[in-house]
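Fold and geometry: a report
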Amino acid sequence: MKRLKQVVMGLVTAVTLFAGGLSTAVTSTITAHAASTKSTSTTVNLKAKAGIAVDSQTGQILYSKNSDQTLPVASMTKLLSIYIVLDAVHSGKLKWDQKITISKDIAKVAKNTNLSNVPLRAGHKYTVKALYQASLIYSANGAVEALGVAVAGTPHAFVNMMKTQAKKLGMTDVKIYNACGLTNKQVGNLGYSNVKGSAENEWSAADQAKLAVALLNKYPEVLQTTKITKMWFEKGTQDATKMDNWNWMLKGLTASYSKLHVDGLKTGTSDAAGANFTGTANNNGNRIVTVVLHAAHKSETDASRFQQTQKMMSYVYNNFKTVTYKAGDQVKGAKTVKTNDAKEKTAKTVLSDSVKLWIRDDQVASNISATTTLKSKLTKNKALEAPVAKNTEVGTANISLKGDQLGFLGNTKTTKVPVKVTKAVEKANIFVRMWRAIVSLF
């Protein structure tokens, strides 16, 4: 039944996007740094309760609508669960070929054919890799619950881990009841007896963007799975299930758009949440993350979340250009720092890492500037205390864009990049220091 619904939805989506989605294309072009898509719009008429578009590395906000409003997020929850699972794999706590035994309570959730699931039998074992793939590609609820128990021991212990991890990622005002995003009632005995059956996981579009950015930066290999359009679960066994990715914006699927190179990340749907989608696209090396919360979901064939994502992504790629500073470059306002007791009164600083910033087409690169914050342990009298070895990282450049009203995720107007000195800061001899002290008196 789920597969039939997907086929029907796909046909309707294809027709809808062909008729309406491509109407964004007209004449304006973007710089060589970004996409060559075209659009009539210099803003976004987003038909969803909340949404946000950000750079995938810096978290620079490129569009925002009600992005701090806490709302149900449904199966987009799974990105937080998968973040923790990948942590466990990388730390050696889990292994990809490790087999997990399914409990009766998890099997009961997995057998619900009205929900996204692969069949999991109580007492049967499935590999971590198979459950991981099912969670991301097919949004399999039982599969991700099984992974959570494998990591933490119990469903509730895993929920506690999710809350802790969310806090570490800077997510605020989160409500978490399970690993999959279903309601408390739908997960049965995996849920909480003292919580309403209608309760489900909630956080904001901005927090979902923080999660997606953190996941992509720490575990970019997640894209190797989220971009898979079709895969078999347990092929050749009695549990064999053909998994069609619910992200229909992937290349070759019915909601794809050739000008947008979408390769992730996760959909989410529930009665309370409507249709949701955390998307990511990489056009000419410029990767963005978008979040749509509570788009229309009038039926199984409603493609609104993908249409709204397409509008947001096209808006960004058509109305912004990117400016990249490489390691070793300087940014206006952060080219030198004052020194204390050094031969030279200032020291030249350069960026230790590269950074990319987006500016609207009506802005110029000279609008970008920075201030330097020195490490307190290296300073005296608010200046860099000599001696300091060549190439020492001495602080951060706090880079901002003049006139930018949106800033970066975390309610900050700057992005921080480490800076280092280009040559040794040598200490002045005693006579020079004495002379400076005398001169300062006058």
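Residues numbered from 1 in each chain as written. Predicted model: local features only at pLDDT ≥ 70, side-chain atom pairs only at ≥ 80, totals over all residues. Heavy atoms only, no water.

In plain terms, the rule: UniProt positions are given in the numbering used here, feature names are shortened, and annotations may be inferred rather than shown by experiment.
You'll find the protein chain entered in an unreviewed UniProt entry as serine-type D-Ala-D-Ala carboxypeptidase, with Levilactobacillus fujinensis given as the organism. Its UniProt record gives the protein chain the following Function (unreviewed entry) comment, quoted word for word: "Removes C-terminal D-alanyl residues from sugar-peptide cell wall precursors."

1. A look at the sheet that holds strand E20 (residues 415–421)
Our working definition: Two strands qualify as a pair provided DSSP detects at least 2 bridges between them. To qualify as a helix, a DSSP run of H or I must reach at least 4 residues; to qualify as a strand, a run of E must reach at least 2; elements of each kind are numbered from the N terminus.
Read across the open sheet, the seven strands follow the order E16-E19-E20-E14-E13-E18-E17; overall the sheet is mixed. In this open sheet, the two edge strands, each paired with only one partner strand, are strand E16 (368–374) and strand E17 (379–380). One ladder, built from seven bridges, connects E16 with strand E19 (residues 393–401); its direction is antiparallel. Looking at E19, one finds that Thr371 is bridged to Asn398.

2. What about empty space enclosed by the protein?
This is how the line gets drawn: Of the two site types, the cavity is a set of points on a 1 Å grid over the protein atoms alone where a 1.4 Å probe fits but cannot get out, and the pocket is an open set with protein on both sides within 12 Å along at least five of seven lines, each lined by residues with an atom within 4 Å of a point. Grid points are joined across faces, edges and corners, and a volume is the space filled by probe spheres set on the points. Residues are sorted three ways: Asp, Glu, Lys and Arg are charged, Ala, Val, Leu, Ile, Met, Phe, Trp, Tyr, Cys and Pro are nonpolar, and all the rest, Gly among them, are polar.
Scanning the entire structure with this criterion turns up one cavity of 30 Å³ or more. As for the largest cavity, its lining consists of Leu136, Ile137, Ser139, Asn245, Trp246, Asn247, Leu265, Lys266 and Thr267. Of all the secondary-structure elements, those providing two or more residues to the lining of the largest cavity are helix H4 (128–137) and strand E9 (262–270). When grouped by side-chain class, the residues that make up the lining of the largest cavity number four nonpolar, four polar and one charged.

3. What about the packing of helix H2 (residues 78–91) against helix H7 (residues 205–218)?
The line we're drawing: Each axis is a line fitted through C-alpha atoms, taken for helices only over the stretch in contact, and angles between the N-to-C directions span 0 to 180 degrees. For classification purposes, angles smaller than 35 degrees are called roughly parallel, those larger than 145 roughly antiparallel, those between 65 and 115 roughly perpendicular, and all remaining angles oblique. Two helices crossing with the near one rotated counterclockwise from the far one by less than a right angle form a left-handed crossing, whereas a clockwise rotation gives a right-handed crossing. Any two residues whose heavy atoms approach within 4.5 Å are treated as being in contact.
Look at H2 against H7: their axes get within 10 Å of each other, and the N-to-C directions meet at 30°. Considered as vectors, H2 and H7 are oriented roughly parallel to each other. Judged by the twist between their axes, the crossing of H2 over H7 is left-handed. Together, Leu79, Leu80, Tyr83, Leu86 and Asp87 of H2 and Gln208, Leu211, Ala214, Leu215 and Lys218 of H7 make up the contact between the two elements. Across the contact of H2 with H7, the residue classes tally to seven nonpolar, one polar and two charged.

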